[in-house]
Amino acid sequence: MQLIRRRLGLGRDDADRGMAMAVVLIFGMLIMVLAATALTVAVGGLKKADTDQDWAGALSAAYAGVEDYQARLSNDTNYYRYGNKDAPFSAASPGLVAPTTANPAFQLGTAAGSWAEVPSSGGTASYRYEVDSSAYLASGTMRIRSTGKVGAVTRSVVADVRQKGFIDYLYFTDYEDRDPEQVGTSPATCRKYVAQGRVKTNDCGELAFGSGDVLDGDVHSNDAIRICDAKFLKTVTTSNTGLRDGVNYIKRNSNDVLCTGQDFPGSDTQPTFRSSIGMPATNLTQKRETRYDLGSEILSPGCLYTGPTSIVFGPTPGFMTIKSPLTKFTQTAGDNDTDGKTPDMCGKISDLKSAGGATVPVLDNNLIYVQDVPGATSNKNYTSTAQVPAGKCDANGVGYPRSGETAPAEDVTGDGACAYDARGGDVFVEGTFSGKMTVASKNYMYITGDVKYDNASTDILGLSPAGTAWIYNPMKKTVGGTIFNPTTTWTPVLPGSATSVRRVDAAIISVDHSLLVQNFDRGGRRGTLNLNGALAQRFRGVVSSGSNGYVKNYVYDARLKYLSPPKFISPVTTQYGVTTTTEVKAAFTSAGRTS
């Protein structure tokens, strides 16, 4: 050090003072550099933290948009019709209109206020969304692209939103007793839940799941379920809150005898609670889908048929043959059908009335409705009772009762006077189905043979009678013996045995009655009824009795979790659930421009 000082000429006292000053200056500068660096790092961290917060907030805002749209759909089942037709994501959506009450989330562009504010965000977070309704009729699913914005950050998600409803369940019932009109019991007594005071002694005919029943799909009842030695492979839920013997179901068979052997999935020991789902009283909303004068609401009207109508699917894939001799107009206008027309897609009227019927393509993502013969002379499908008497039961014009069949004598749950009323809105269906369509009827639906999908991956069929859905099982009645000892024998008209298989591929709902096997207590064992789809009914229907009828084999069509038959009937109160959500490239910049 001394040598350095000498060479620098700093050996004197004044030089020592200069050296001290230089050292102070060097260290001072070093400290300043370190402080500045530390400050820069700290400020950068703050900025990064802000950016991270905005990044996460923008995604949350996008999800808030999805939830907002779900809520609007749940409050108004027609909200799917609303949107901004100029939105890029909505380009393929037909007929979108602006809602009557403005929705800021549908806005586009860069104007101030063109985003919807996330509630309680103090204006820091906002969203906008675009809807794609192009697949709604085919699958019941709406797509929504929601973009969230916080600060200068935007993020977008695409969500598939689908209505939750009856087809979420393999087996859905409102009341767990038999249709009171069928068993001849007071409707006022039996149209109530166990929790409301209905008891077995009122002869309301409560039915139990029992030996041999296997249900491979979710099951729900708004009522208390009777369960014996049945096996459930998926979730069982009930809206019943009352407990008997510590459980929320009834451990008794249909004869009210205590039973065991209940088999629930996993560790479940009883059904779990779920809120009730309200069924509509009628399916008349589906008839409305055949009107052509409601262009803004009914973009693609279906086909209306009048009086007894038979539909045979196939044999050519994608086609069906329809007979409907009392139909005059296949689409109507006005609340009382005071106008009508006959589009070719529904079949020529002359063909519908012919013995061979009209062969036409299956309606594409659409609906058929079969109505009663109207009695008002102003109705375009009016036919007088002088021409076709009410209560005419020996021939319905489309081949029922069949040759050798003894027609059921009583009209147990329909609107007419007999099972095959010539003026009833009854539809008879069978065949190999190819396409996407729903068949609805004002009165009965008879499933007269197998109804099978041609392609189980793409075909989807809905069956929706307001009356009973019958598994057609005709019998011939023979009376013998002597006058003092008469005997009655019932012989099946259709072939069948204990090893036979009857198959129905469809989602079925009987909005005010049941799915029943015709003559379930006659003719011996008829085989196994394979239902591949979903079943919803107001009351429990009988499939077998003793050694007669069918054994149930019901399997849920898992596609129904994501798809819906076109224009299928919905619960009176609806909820929409998100089936899938994916983050995509942000659709808009924070200034509102498309990105």
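This write-up is about the structure you can find in this document. What you are looking at is a predicted structure, and each value in this text was computed from that prediction instead of being measured. (Residues numbered from 1 in each chain as written. Predicted model: local features only at pLDDT ≥ 70, side-chain atom pairs only at ≥ 80, totals over all residues. Heavy atoms only, no water.)

A short note on the layout of surface pockets
So the rule is basically this: Whether a set of points on the 1 Å grid over the protein atoms alone is a cavity depends on a 1.4 Å probe fitting there but being unable to get out, while an open set qualifies as a pocket with protein on both sides within 12 Å along at least five of seven lines; lining residues are those with an atom within 4 Å of a point. Grid points are joined across faces, edges and corners, and a volume is the space filled by probe spheres set on the points. For the purposes of this entry, the term helix denotes a DSSP run of H or I that reaches at least four residues, the term strand denotes a run of E that reaches at least two, and both are numbered from the N terminus. Classification convention: Asp, Glu, Lys, Arg as charged; Ala, Val, Leu, Ile, Met, Phe, Trp, Tyr, Cys, Pro as nonpolar; all other residues, Gly among them, as polar.
Quantified by volume, the largest pocket comes out at close to 990 Å³. As for the largest pocket, its lining consists of 39 residues, of which Tyr80, Tyr136, Glu289, Phe568 and Ser570 are closest to the centre. Sorting the residues of the lining of the largest pocket by element identifies helix H3 (136–139), strand S4 (153–164) and helix H6 (284–288) as the ones contributing at least two each. Among the elements that make up the lining of the largest pocket, the one with the highest residue count is H6 (four residues). Its residues assigned to classes, the lining of the largest pocket comprises 17 nonpolar, 15 polar and seven charged. What the second largest pocket holds in volume is close to 540 Å³. Lining the second largest pocket we find 25 residues, and of these Ala208, Asp213, Ser254, Ser544 and Lys552 sit closest to its centre. Looking at the lining of the second largest pocket, the elements with two or more residues in it are strand S6 (208–209), strand S30 (544–545) and strand S31 (548–556). Per-class residue counts for the lining of the second largest pocket are 10 nonpolar, nine polar and six charged.

Section: the packing of aromatic side chains
Rules: Pairing of aromatic rings covers Phe, Tyr and Trp, the last through its six-membered ring, and needs centres within 6.5 Å; plane angles under 30 degrees mean stacked, over 60 mean edge-to-face, and all others mean tilted. Type-normalised accessible area, obtained with a 1.4 Å probe on protein chains alone, sets the label of each residue: buried when under 20%, exposed when over 50%, and partly exposed for intermediate values. Two conditions define a charge sitting above a ring: the NZ of Lys or the CZ of Arg must be within 6 Å of the ring centre, and it must be within 35 degrees of the ring normal.
According to the stated counting rule, one finds 26 aromatic pairs in the structure shown. Measuring from centroid to centroid gives 5.1 Å for tyrosine 171 and phenylalanine 209, while their planes differ by 70°, and the two rings are edge-to-face. Here the residue tyrosine 171 occupies a position in strand S5 (residues 171–173), and phenylalanine 209 occupies one in strand S6, the gap between them amounting to 38 residues. Since its relative accessible area comes to 3%, tyrosine 171 is described here as buried. Residue classification places phenylalanine 209 among the buried positions, given a relative accessible area of 1%. Here tyrosine 249 and phenylalanine 264 contribute two aromatic rings whose centre-to-centre distance is 5.4 Å and whose plane-to-plane angle is 70°, an arrangement assigned as edge-to-face. Linking tyrosine 249 in the loop between strand S11 (236–238) and strand S12 (272–273) with phenylalanine 264 in the loop between S11 and S12, this pair joins segments that are 15 residues apart in sequence. For phenylalanine 264, a relative accessible area of 8% corresponds to the buried category. An aromatic cluster is defined as three or more aromatic residues linked by ring pairs; in this entry it consists of Tyr400, Tyr420, Phe428, Tyr444, Tyr446, Trp470 and Tyr472. One cation-aromatic arrangement involves arginine 128 over tryptophan 115; the distance from NZ or CZ to the ring centre is 4.1 Å. Across the ring face of phenylalanine 209, the terminal group of arginine 540 is positioned such that the distance to the ring centre comes to 4.1 Å.

Quick word on the pairing of strand S13 (residues 303–306)
Convention followed: Any two strands with at least two DSSP-identified bridges between them are counted as paired.
Residues Cys303 and Tyr305 point to one face of S13 and Leu304 and Thr306 to the other, with burial holding for every one of them. With four bridges connecting them, S13 and strand S19 (residues 366–371) associate as parallel partners. Bridged to cysteine 303 within S19 is isoleucine 368.

Some thoughts on empty space enclosed by the protein
Following the criterion strictly, the structure yields one cavity of 30 Å³ or more and no others. Lining the largest cavity we find Ile471, Val504, Ile508, Leu515, Leu529, Leu531 and Tyr554. Where the lining of the largest cavity is concerned, the elements lending two or more residues are strand S27 (501–510) and strand S29 (525–537). Taken together, the residues that form the lining of the largest cavity break down as seven nonpolar, no polar and no charged.

A closer look at the pairing of strand S2 (residues 125–132)
Of all eight residues that make up S2, eight are buried, and the element is covered over most of its length. Burial of S2 is two-sided: the residues Ala125, Tyr127, Tyr129 and Val131 facing one way and the residues Ser126, Arg128, Glu130 and Asp132 facing the other way are all buried. In the sheet, strand S1 (residues 116–117) pairs with S2 via two bridges, with the strands oriented antiparallel. Paired with glutamate 117 across the two strands is serine 126, which belongs to S2. Here S2 pairs with strand S3 (residues 141–150) via eight bridges, running antiparallel. Counterpart to arginine 128 in the pairing with S3 is threonine 147.

Some remarks on the state of the cysteines
Selection rule: The rule for a disulfide is simple: a pair of cysteine sulfur atoms within 2.5 Å.
A full pass over the atoms with the stated rule returns three disulfides. The partner cysteine of cysteine 303 in its disulfide is cysteine 346, sulfur to sulfur 1.9 Å. Taking the torsion about the sulfur-sulfur bond, which here is approximately -85°, the covalent link between cysteine 303 and cysteine 346 counts as left-handed. With a gap of 43 residues between them, cysteine 303 in strand S13 and cysteine 346 in the loop between strand S17 (339–341) and helix H7 (349–352) connect regions that are remote in the sequence. Using a relative accessible area of 0% as the deciding quantity, one classes cysteine 303 as buried. Taking the relative accessible area as the measure of exposure, cysteine 346 reaches 0% and is therefore buried. Here cysteine 393 engages in a disulfide with cysteine 418; their sulfurs sit 1.9 Å apart.

Things to note about the nonpolar core
Basically, it comes down to this: By nonpolar core is meant a set of buried Ala, Val, Leu, Ile, Met, Phe, Trp, Tyr and Cys residues that side-chain atoms within 4.5 Å join together.
Counting 82 residues, the largest nonpolar core has Met320, Ile368 and Val439 as its most contacted members. Counting 27 residues, the second-largest nonpolar core is a separate cluster that includes Tyr79, Tyr136, Ile144 and Val157.

Focus: the side chain of arginine 291
Here is the rule we go by: N or O atoms within 3.5 Å of each other form a polar contact, as long as, within protein, one can give a hydrogen and the other can take it, and as long as residues adjacent in sequence are counted only when both atoms are side-chain atoms. The contact definition used throughout considers only heavy atoms, calling two residues in contact when any of these lie within 4.5 Å.
The residue arginine 291 is located in the loop between H6 and S13 in this model. With a relative accessible area of 10%, arginine 291 lands in the buried category. Among the polar contacts listed, one links the side chain of arginine 291 to the side chain of aspartate 335, at a separation of 2.7 Å. Excluding its chain neighbours within four sequence positions, the residues that come into contact with arginine 291 are Ile298, Pro301, Thr332, Gly334 and Asp335.

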